[in-house]
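# Coordinate inspection notes
Each chain, written out:
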Amino acid sequence: MTDDMTETVDEATEATEIPLSERIEAILLIVDEPLGLVALAAAVGSPVPAVRQTLEMLVDDYDGKGKGPRRGFELREVGGGWRLYVREDLDSLVAEFVGGQAPARLSQAALETLAVIAYKQPVTRSQVASIRAVNVDSVVRTLLARGLITELFADSETGAINYGTTDALLQHLGINSLDELPPISPLLDDGADGFDEGTIR
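Residues numbered from 1 in each chain as written. Predicted model: local features only at pLDDT ≥ 70, side-chain atom pairs only at ≥ 80, totals over all residues. Heavy atoms only, no water.

## Some remarks on a nonpolar patch on the surface
Heads up, the rule is: Patch membership needs two things, relative accessible area over 30% and no salt bridge, and members are linked within 9 Å if like-charged or within 5 Å if nonpolar (Val, Leu, Ile, Met, Phe, Trp, Tyr). Accessible surface is estimated by sampling points in the Shrake-Rupley manner with a 1.4 Å probe; for residues, cover comes only from the protein chains shown. Salt bridges are defined by distance alone: a side-chain nitrogen of Lys or Arg within 4 Å of a carboxyl oxygen of Asp or Glu. Numbering of helices and strands runs from the N terminus, with a helix taken as a DSSP run of H or I at least four residues long and a strand as a DSSP run of E at least two residues long.
Judged by side-chain polarity, Val86, Leu93 and Val94 come together as a nonpolar surface patch covering roughly 230 Å² of accessible area. Tracing the backbone shows valine 86 in strand β3 (residues 81-86).

## Digging into the sheet that holds strand β4 (residues 123-124)
As a reminder of what qualifies: When DSSP finds at least two bridges between two strands, those strands are taken to pair. Contacts were defined at the residue level, with two residues in contact if any of their heavy atoms lie within 4.5 Å. Helix axes are fitted to C-alpha atoms over the stretch in contact, other axes to C-alpha atoms as well, and angles between N-to-C directions run from 0 to 180 degrees.
In spatial order, the strands read β4-β6-β5; together these three strands make up an open sheet with antiparallel pairing. Edge positions in the open sheet fall to β4 and β5 (149-154), since each of these has one partner strand only. Strand direction decides the pairing type here: β4 and strand β6 (residues 161-165), joined by two bridges, are antiparallel. Among the inter-strand pairings, valine 123 is bridged to a residue of β6, identified as tyrosine 163. Here helix α8 (residues 137-145) sits on the sheet and contacts β5 and β6; the angle it forms with β5, its principal contact strand, is near 110 degrees.

## Examining the pattern of salt bridges
Where we set the bar: Each residue gets one of three labels from its accessible area relative to the maximum for its type: buried under 20%, exposed over 50%, partly exposed in between, using a 1.4 Å probe on protein chains only.
Applying the stated criterion across every chain yields a total of nine salt bridges. As a salt-bridge pair, arginine 70 and aspartate 89 come within 3.1 Å of each other at their nearest N and O atoms. Here arginine 70, found in the loop between α4 (48-62) and β2 (73-78), pairs with aspartate 89, found in the loop between β3 and α5 (91-99); they are 19 residues apart in sequence, far enough to count as distant. Assessed through its relative accessible area of 52%, aspartate 89 is described here as exposed. Through salt bridges with shared partners, a single ionic network connects Asp63, Glu74, Arg76 and Arg87.

## Some words on the packing of helix α3 (residues 37-44) against α4
Helix packing for two helices is described by the angle between their axes and how far apart those axes are. Selection criterion: Oblique is the label for any angle not under 35 degrees, not over 145, and not in the 65 to 115 range, which are roughly parallel, roughly antiparallel and roughly perpendicular in turn. Just so you know the grouping, Ala, Val, Leu, Ile, Met, Phe, Trp, Tyr, Cys and Pro go in nonpolar, Asp, Glu, Lys and Arg go in charged, and all remaining residues, Gly too, go in polar.
Contact geometry for α3 and α4: axes closest at 9 Å, N-to-C directions at 100 degrees. When the interaxial angle is binned, α3 and α4 end up roughly perpendicular. Packed against α3, whose contacting residues are Leu37, Val38, Leu40, Ala41 and Val44, the element α4 presents Val48, Val51, Arg52 and Leu55 at the interface. A breakdown of the residues in the contact of α3 with α4 according to their chemical character gives eight nonpolar, no polar and one charged.

## Concerning the sheet that holds β2
Sheet strands line up and pair through hydrogen bonds in the backbone, either parallel or antiparallel. One open sheet accounts for three strands, arranged β1-β3-β2; its pairing is antiparallel. Each edge of the sheet is formed by a strand with only one pairing partner; in this case those strands are β1 (35-36) and β2. In this sheet, β3 lies alongside β2 in antiparallel orientation, the contact comprising six bridges. Bridged to leucine 75 within β3 is leucine 84. Helix-sheet contacts for helix α2 (residues 20-30) involve β1, β2 and β3, and the interaxial angle to β3 is about 70 degrees.

Below is the structure:
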């Protein structure tokens, strides 16, 4: 066995020696969309039943049913997948904090992504990425943090989050509803590439 292979095996062994709850938390902390049980089990290298049991333990722990206090976040199963969320009764606090951050200009990539979501909503991140032909993960996170878009619902089959715009966007644009958005320019191939011209969903 080569030195590189030995190091890889050693690293994998070290990772599995870390408590399962910590490994699950590490993965859930970075995912943007709910992660299915099988995918999560594969990510942490543990059997599905053990992962399911640990998830249930973490839910109780975060809810204050264990030894510690209730946390400001919770672990929920949405659309067949698991993800960490801010507790609903803290939404206003988080929104106030995000809204109070120093405003900064949106990048061209953020503006283009925001336009796709505004005209195509409800729309998933993968659909936006397909239309723009680039990865939009970080841009979507930025728009969420700015309060310009929001998670509408999770697809019942895939668990993919569908996004839409918020009232904050309408306020920034100085309009009362999405119906007041201008129609897509005829220069964009009549909206054939991902847009329905003049249609807001």
